[in-house]
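Below are the chains, spelled out letter by letter.
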Amino acid sequence: MSGWTGDWVSARLGVGLTTDRSAVDLPLGALVGLALRRNPRRAHLLVSTVLGKHVPTDPRIVQAAGTLLGLLVTDVLADVTSVADAARGAGVTQALTAALAGEPGAAEHLLLVVDGLHDAVTEAPEAEGATVVVGYAETATALGHCVGAALGVPSLHSTRRPVAGVTPAAGFAEEHSHATEHLLLPADPRFLADASTLVLVDDEISTGKTVLNTVRALHADSPRDRYVVAALIDLRSAADQERFEALGLEIGARVDVVALTSGTITLPEDVLERAPVVVAEQSAHQELLRAGAAGDVGRADGAEGSDAAGSADGADGAPATRRAAVTRRAAWEDGVREGGRHGFSVEDETVLQARAVALAEDLARELVGPDVLVLGFEELMYAPLLVGVALTAAVSDDVRVRYSTTTRSPVLSLDDPGYAIRTTVTFPAHDDPDDGPGPRFAHNVAPGVDASRRFTDIVVVVDAPADTPELAAPGGLVDVVAQHCDHVHVVVVPSTTPGASPVTAARSTAGPHATSTEEPTP
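Since we're looking at a predicted model, the values are computed, not measured. (Residues numbered from 1 in each chain as written. Predicted model: local features only at pLDDT ≥ 70, side-chain atom pairs only at ≥ 80, totals over all residues. Heavy atoms only, no water.)

Visitor: Quick question: what am I supposed to make of the overall build of the protein here?
Guide: Scanning the protein for helices and strands turns up 15 helices and 20 strands. When each of the 522 residues of the protein is scored for burial, the buried share is 60%. The contacts of the protein with a sequence gap of at least 6 include a subset with a gap of at least 24, amounting to 76%. Total accessible area on the protein stands at roughly 19600 Å², and carbon and sulfur atoms take up 52% of it. (Helix = DSSP H or I, 4+ residues; strand = E, 2+ residues; numbered from the N terminus. Buried < 20%, exposed > 50% of the residue type's maximum accessible area, 1.4 Å probe, protein only. Contact = heavy atoms within 4.5 Å. Areas by Shrake-Rupley, 256 points an atom, 1.4 Å probe, with all protein chains shown as cover.)

Visitor: So what exactly am I meant to see when it comes to the nonpolar core here?
Guide: Inside soluble globular proteins, nonpolar side chains tend to come together where they are buried. Ranked by internal contacts, the top residues of the largest apolar core, which has 96 residues, are L36, L68, V73, L192, V199 and Y419. Examining the composition of this core, we find that ten residues originate from one element, helix α3 (residues 59–78), more than from any other. Residues contacting L36, with those up to four places away along its chain left out, are W8, V9, L13, A43, V278, V279, V411, L412 and Y419. With 59 residues, the next largest nonpolar core counts L363, A383, L385 and V399 among its residues. (Core = buried A, V, L, I, M, F, W, Y, C linked by side-chain atoms within 4.5 Å.)

Visitor: How should I be thinking about the packing of aromatic side chains in this particular structure?
Guide: The relative placement of two aromatic rings is captured by the distance of their centres and the angle of their planes. In this structure the tally under the stated criterion is two aromatic pairs. Ring geometry for W8 versus Y419: centroids 5.5 Å apart, planes at 80 degrees, classification edge-to-face. With a gap of 411 residues between them, W8 in helix α1 (residues 7–13) and Y419 in the loop between β15 (400–405) and β16 (424–428) connect regions that are remote in the sequence. For the pair formed by W8 and Y419, the shared burial category is buried. Geometrically, the ring pair formed by F344 and Y382 is edge-to-face, given 6.4 Å between the ring centres and 90 degrees between the ring planes. You can see F344 sitting in the loop between β13 (325–330) and α12 (346–366) and its partner Y382 sitting in helix α13 (residues 382–394), a full 38 residues away along the chain. (Phe/Tyr/Trp six-rings, centres within 6.5 Å; stacked < 30°, edge-to-face > 60°.)

Visitor: How should helix α6 (residues 106–116) be read in this particular structure?
Guide: What sets the pattern is the α-helix's 3.6 residues per turn: residues three or four places apart point alike. Buried within α6 are the following residues: A106, A107, L110, L111, V113 and V114. Mapping the buried residues of α6 onto a view down its axis gives an arc of 160 degrees, with all of them on the same face. Along its buried surface, α6 packs onto α3, α4 (82–90) and α5 (92–100). (Arc of directions from axis to C-beta.)

Visitor: I'm lost on α12 in this one. Help?
Guide: Given a rise of 1.5 Å per residue, 21 residues ought to cover 30 Å, and the 31 Å separating the end C-alpha atoms of α12 matches this to within 8%. Buried within α12 we find E349, L352, A356, L359, A360, D362 and L363. One side of α12 carries all its buried residues, which in axial view fall inside an arc of 165 degrees. Those residues of α12 that are exposed and angled more than 90 degrees off the buried face are E347, T350 and R365. In the core, the buried residues of α12 are packed alongside α7 (141–151), β13, α13, β18 (457–463) and β19 (487–493). (Expected span 1.5 Å × (residues − 1).)

Visitor: Mind showing me how you'd approach the packing of helix α9 (residues 209–221) against helix α10 (residues 238–251) here?
Guide: Helix-helix packing is described using two parameters, namely the angle between the two axes and the distance between the axes. Where α9 meets α10, the closest approach of the two axes is 11 Å, and the angle between their N-to-C directions is 5 degrees. Taken together, the axes of α9 and α10 lie roughly parallel to each other. In this structure, α9 uses V211, L212, V215, R216 and H219 to contact α10, whose residues at the interface are R243, F244, L247, E250 and I251. (Axes fitted to C-alpha atoms, helices over the stretch in contact; angles between N-to-C directions. Parallel < 35°, antiparallel > 145°, perpendicular 65-115°, else oblique.)

Now the structure itself:
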């Protein structure tokens, strides 16, 4: 397809994507592009256009995609197709295509179209126990929240951040991930045990091994009647699908799968051998380009630079001479649950949405320009998403708001229109991770060769445990993004931890709406 952000990888490695079916008529290429991982277990990365993880995306598109997925889950629970039928009739495909193309008013229209699908929901027969949604860290935490909000049920997400004194409800592995260990840490031990239906949410299902690991671990602890696996895309082979059917028979439970689009990925047999060669060649070429650029501060390259703090990959080659001013604030008062790491109720959803609106209204008055990125932090995706959605309503129509988050995933960046990860900034971990220090990444934040991609304002949203000296140190996250915008707005979210006083944003401000400012650094 012309203009697809998977063209570069497809042409060099022969990776192909084919749409097999979609309940809402969405082609696979509209939902993902391709990049190359720096991971020996898996060569390629499917880069979502609607997730808001690696690609700055209009937050209304992200919320709409997650809500649509949640409403399709209601079809599965009720054994009907009423939402899917209504989505096709309402032109969801056309609305999403227009929104992704950036047509004026299209993202707002998409959100309205998807919200209207609530009227098509068929209520499932009442079950004896509750329905609970579980999202996978780090990429699908906000997606899981959106599904939970669409269903009107509690949610939880896995985490790689252990909490002293909190016993995991389960732990499982994700084979192809850069960081593989997941923990489920509900504050209430009965949060999962009392659920008769679990909805497991991920951005993609490739082989389904992570899901199978999850279901086995959870079912061994608390057997239940039903599991629904929901993902933006489903790429399981026929053999993978048979393993899901076998698991249902093995444990005596129903296991359903729902996705916006299902398809097939074609991988050459030698892709794991060829991909590292391509990555090495591109990295070497970009090292030469970087060596020709003047200075190391704000340097530009297409390699990851994972051994050096504060690198800016795939930027335009010109060293930064000035860093943006930095404003800091607390997001809101203590006691507001910021996400589903320890469980998230319907009431929590109402409170968080209200706080996000209030924060967005404050931020709208502080913006210095018309191009805004709300940048979340690894697993902390949902609160920044809600802030981003609220910000689109608080600013004028000529202000462009986008949303993405930082990540642990090392990916080759290459500033080419046919490649999904155009630039990368690299910085050290700043939340004292249990698995030790290491590099972290923010993809597509630096503008690269196209100055029109530059953000005037970057709103960095972190939770309080991540508000450490490393966050603002030279070469840290705030420092490196300050090289690529006019103003950095650091927002610190108080953290709720079971059995402990809230971890507050005390370092940031004296109150939830106060601000402090650091002058630009020459």
